[in-house]
Structure formats: structure tokens, C-alpha cells
Amino acid sequence: MYFKKIAMSDSGFFGQGEDKNFEHDIKIKVGGVMVELTQTGKLRIMYGYTFLGAGGFGLGIIMNPDLIQSLLKMPDQDPVIFGITGAVYLAFGFLSIFGLISPIKFSPVLFLQLIYKSLWLAGVIAPMFLKGQFPFYAVLITIIFLTYIIGDLITLPFNYLFSKSNH
């Protein structure tokens, strides 16, 4: 595997190319075939995953909360709080559309996703697990959240997010 920097343009309505030093080609050999994936390509994968996963889940919660609870074998939820959760997930899905267009500029969306999922894992799931009160329906949600956390950690441009000047 090797890395090669390439420059990005400063053009684009959504601000593609905000940071000329951000883009990297990543080339890996997969089954004898050389595959090239740029950093923005990896970000786009995470935005697509967020659009489908969070957006779909949020839409399901808003449109048919009883079905979602039944599918996940969840206990009854307060409709207001469950509805807020659905709206937030749907908002992540909606914002991910813009991330598909301008991955770097909208990377704070994925960063927020990384933070809240990590906080949920550390502040809600870990204590429940340590007390032996981990509900079975939380297993699938936890696994899915872990895939987002790992994906966000791999793809987020932390150097861009924490730079002093983001053009």
C-alpha cells in the first residue's frame, strides 16, 4: 500500500477542494487487482452509509415507529422522544446528501456522528453491560454503531477538522 498526494481545485458550488493538501490516493492490492480509493471516496462511502442507515432508520421511526420497535424487539418508547431520535437520524441522512457532493466541507456531520455514537457507547451501553443489564435488542444497534465509529475514525480528515484555518 502506498500514498500519493494530489492537489484539489478550489472550485465548486459546495466548496469541493477546500484544502489542497487533503486529498490522498490510497492504492491497495485486492485479489490481484490494484484498487485506488481517495480520501474523499472513503468519505463518500461513509456519507452513503449514513444516508441509507441513519436516514432510513429515521424515516422508519417517523413513518412507522411501531414497526421499527417490533423489528428490533424494543420495548415501547415514548413517542415524543422516539420521534426526536427519528428526526435526528433523518437529519443526518439528509445532510449526508450534501456530504456526497462536498465530502470535506461536510465532514463535521460525520464527526458529530462519531462523537454521539462514542458517547452513547461509553455512557449508556458500557455501564449497562458492566452491570449485567445489557438488553438483547441493543446487540444489533451496538454492532451497527461500532461500524459507524470505526468507519468515521478511518475516514475523517482530522487534520482538516482541527486545522487553524479551513479555507
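Every value quoted in this text rests on a predicted model; they were computed, and no experiment measured them.

**Overview of the packing of aromatic side chains**
Inspection of the entire model under this criterion finds 12 aromatic pairs. For the pair Tyr-49 and Tyr-148, a centre-to-centre distance of 4.1 Å together with 5° between the ring planes defines the contact as stacked. Of this pair, Tyr-49 sits in helix 1 (residues 39-63) while Tyr-148 is found in helix 5 (residues 138-155), placing the two residues 99 residues apart along the sequence. Its relative accessible area of 3% is what places Tyr-148 among the buried residues. Counting every residue linked through ring pairs, the aromatic cluster contains Phe-57, Tyr-89, Phe-92, Tyr-116, Trp-120 and Phe-145. When the ring centre of Phe-145 is taken as origin, the NZ or CZ atom of Lys-117, which lies over that ring, is 4.0 Å away. Here the guanidinium or amino end of Lys-117 rests over the ring plane of Tyr-148, the centre of that ring lying 4.8 Å away.

**Considerations on the environment of Ser-107**
Summarising the element assignment, Ser-107 is placed in helix 4 (residues 107-130). When its relative accessible area of 0% is taken as the criterion, Ser-107 is described as buried. For the pair formed by Ser-107 and Leu-156, sequence separation is 49 residues and the distance between their alpha carbons is 6.7 Å. Residues within four places of Ser-107 in sequence aside, it is in contact with Tyr-47, Leu-156, Pro-157, Tyr-160 and Leu-161.

Reading the values: rules and limits
- Residues numbered from 1 in each chain as written.
- Predicted model: local features only at pLDDT ≥ 70, side-chain atom pairs only at ≥ 80, totals over all residues.
- Heavy atoms only, no water.
- Phe/Tyr/Trp six-rings, centres within 6.5 Å; stacked < 30°, edge-to-face > 60°.
- Helix = DSSP H or I, 4+ residues; strand = E, 2+ residues; numbered from the N terminus.
- Buried < 20%, exposed > 50% of the residue type's maximum accessible area, 1.4 Å probe, protein only.
- Lys NZ or Arg CZ within 6 Å of the ring centre and 35° of its normal.
- Contact = heavy atoms within 4.5 Å.

Coordinates in, geometry out; function isn't part of it.
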